[in-house]
Amino acid sequence: MTQTAPAPTFTVTNPATGEEVGTFPVHTADDVAERFVEARAAQAWWAALSYGERKRRVNRWIAAIAQRSDEICDLGFAETGRPRGDVQFELIAGLEDLRWAAAHAKRVLKERRVAPGMALFNFGARVSYPPLGVVGVIAPWNVPIYTVLCGLAYALAAGNAAIVKPSEYAPASSVLVMEAFYDANPDAPRGLVTWVTGFAETGSALCTAGLDKIAFTGSVPTGRKVMAACAENLTPVLLELGGKDVTIVAEDADVEKAANAVVWGGLFNGGQACVGIERVYVVRPVRDAFLARVKEIASSVTVGLDDDAAYGPMIVPAQIDVVRRHVTSALEAGATALVGGVESIRPPFVDPVVLVDVPEDNAAVQEETFGPVVVINTVEDVEEALHKANATRFGLGSSVFSARRGREIARRLKAGGTTINSVLTFVGMPSVPFGGIGDSGFGRFHGDDGLREFAAPKATTSKRFQLGPDMQSFPRRPEDFDQVRKMVKFRYAKRRGA
Ligand code: NAD
């Protein structure tokens, strides 16, 4: 009798206490291929449902998640050490995405008639948005539930099935959330919302399996690998990558509001947020008042595992090395620590660090830190702030504080989103597109664009009648060309709007 070796597994632990949270299989390329077959069949079932039927099922899922939200938040806390309130926060954002995408899919994606244009006026024209098929969703550890739900919300609403690969550091809470889909919809085939767990190899297998799209959320270096792997089968990719988000504080800013928002935006989730505020440009006239309030507020922030802690541990040990490198290099380059310093790094925790006057070419300004570190540099005016804010390879989120010039400054910020007189709000608003430019990636979750991201726009044209020469048949007669020549002169020779 031959014995098959047990499938390899990995154990997820709390980053602060080392307590075991759960054990998960390391799925292989064969497992991915198996899931793909199941997902393909399930997608046909899902796509045959009406938008209304899909919406009802998603809404039932939302209710099932909400009923288990305490359990989900406990698990989220156990696997990442993040305050339960923060887990709740990302859960709400994810549920809002599910609800919005299901509610708006029909409006955005239903088949519609369009004008055929003058050259083919004798045709009817329609545009439809059929689903892509089976979508892979690869997620990071920092907001593990939100990033999984974000991918699923738009993929499912557009009629796709999905295979999810959660992060190896935090798969437990998102797997529980996905299981709730079947509690709410026992009639749904198991391949519709399915998942694989494991490390880079499992994610890579998903990229080369021939799926119809990969929606990847994670770091820039992995994003490059994902895109390269997807190129093998010309699998389209959506990349939601890192950021170095900036805030501009103008002369007419409400300094109190700006200081509060910057401290929260830079430190929530321990700075482990793609849209966390890592750079601030404050104009000189309000600099001192702004720095004084930032210092006061940031110094009162408590870190730990207690219920009243503002944030918890660094979830991945390697990220602590990045934080140390950035803080050290900034201080060595002449920066001043307004709050904290190298001594703030006491693994697995990092207390708030606020650095001022950091040289623009320093790693702390140029690279994603992904920790509770905020750099504040002083500029003479908004022009200089904009110039420096835009001198980055990233372009995810941004914000501006100004009583009168908010919209003007927002328009000139190079980023996927900008919040005026607050921070990060575009993330929690499913009606507006969310995504980046430059090294922050491309493609969008959220909004009408997020739904179209998971559909394959299709043109259908139909001949209604024939009038005049038929230029799509042979032979062509000289009088037909004559008519076309006249039409060209009539339509194009007159300079309209010149
Ligand atoms: P990561 O790139 O290390 O991992 C992300 C996911 O990719 C994980 O599930 C991982 O197992 C998988 N993976 C690793 N190697 C792979 C490969 N070769 N092929 C396929 N999959 C692979 O990112 P992380 O450290 O988990 O997350 C932090 C990063 O995510 C930060 O840079 C952060 O800014 C970014 N992020 C971006 C957004 C956004 O919406 N733009 C949101 C959250 C996080």
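Up top is the structure.
Residues numbered from 1 in each chain as written. Predicted model: local features only at pLDDT ≥ 70, side-chain atom pairs only at ≥ 80, totals over all residues. Heavy atoms only, no water.

Caption draft 1: Representation of a nonpolar patch on the surface within the structure. Among the surface-exposed residues, Met118, Met487, Val488, Phe490 and Tyr492 lie close enough to one another that they form a single nonpolar patch of about 500 Å² accessible area. Within the secondary structure, Val488 is located in helix 16 (residues 478–493). (Patch = residues over 30% accessible without salt bridge, like charges linked within 9 Å, V, L, I, M, F, W, Y side chains within 5 Å. Areas by Shrake-Rupley, 256 points an atom, 1.4 Å probe, with all protein chains shown as cover. Salt bridge = Lys/Arg side-chain N within 4 Å of Asp/Glu carboxyl O. Helix = DSSP H or I, 4+ residues; strand = E, 2+ residues; numbered from the N terminus.)

Caption draft 2: Local environment of the sheet that holds strand 5 (residues 134–138). The strand order across the open sheet built from six strands is 7-6-5-8-9-19, with neighbouring strands paired in mixed fashion. Either end of the sheet is taken by a strand with one partner, and the two such strands are strand 7 (193–195) and strand 19 (441–442). Inspection of the sheet shows strand 8 (residues 213–217) paired to strand 9 (residues 237–240) by four bridges, in the parallel sense. Looking at strand 9, one finds that Phe216 is bridged to Leu239. Contacting strand 5, strand 6 (161–165), strand 7 and strand 8, helix 5 (residues 144–157) crosses the sheet at an angle of about 165° to strand 5. Packed on one face of the sheet, helix 8 (residues 220–231) meets strand 8, strand 9 and strand 19 and runs near 180° to strand 9. (Pairing = 2+ DSSP bridges. Contact = heavy atoms within 4.5 Å. Axes fitted to C-alpha atoms, helices over the stretch in contact; angles between N-to-C directions.)

Caption draft 3: Layout of the site of the ligand. Contacts to the ligand come from 28 residues, most closely from Ala139, Glu168, Ser219, Leu241 and Glu368. Here an oxygen atom of the ligand sits 2.6 Å away from a polar atom, N or O, in the side chain of Glu368. Mapped by element, the contributors of at least two residues to the shell around the ligand are helix 7 (200–207), strand 8 and helix 8. Ranked by the residues each element gives to the shell around the ligand, the list is headed by helix 7, at four residues. Looking at the shell around the ligand residue by residue, the classes come out as 14 nonpolar, nine polar and five charged. Looking at the shell around the ligand, you find at least three residues from each of domain 1 (9–241 + 448–452) and domain 2 (245–430). (Near = heavy atom within 4 Å. Polar contact = N/O pair within 3.5 Å; in protein donor to acceptor, adjacent residues only side chain to side chain. Nonpolar A, V, L, I, M, F, W, Y, C, P; charged D, E, K, R; others polar. Domains from an automatic or database assignment.)

Caption draft 4: Quick look at the side chain of Thr369. Relative to the elements of secondary structure, Thr369 occurs in the loop between helix 12 (363–366) and strand 16 (373–379). At a separation of 3.0 Å, a polar atom in the side chain of Thr369 contacts the side chain of Lys244.

Caption draft 5: Fine view of the state of the cysteines. With the rule as written, the count across this model stands at zero disulfides. Unpaired in terms of disulfides, Cys73 finds its nearest cysteine sulfur in Cys150, a separation of 17 Å. Here Cys73 falls in the buried class, since its relative accessible area comes to 3%. Residue Cys274 stays outside any disulfide, its sulfur separated by 9.6 Å from that of Cys150, the closest cysteine. (Disulfide = S-S within 2.5 Å. Buried < 20%, exposed > 50% of the residue type's maximum accessible area, 1.4 Å probe, protein only.)

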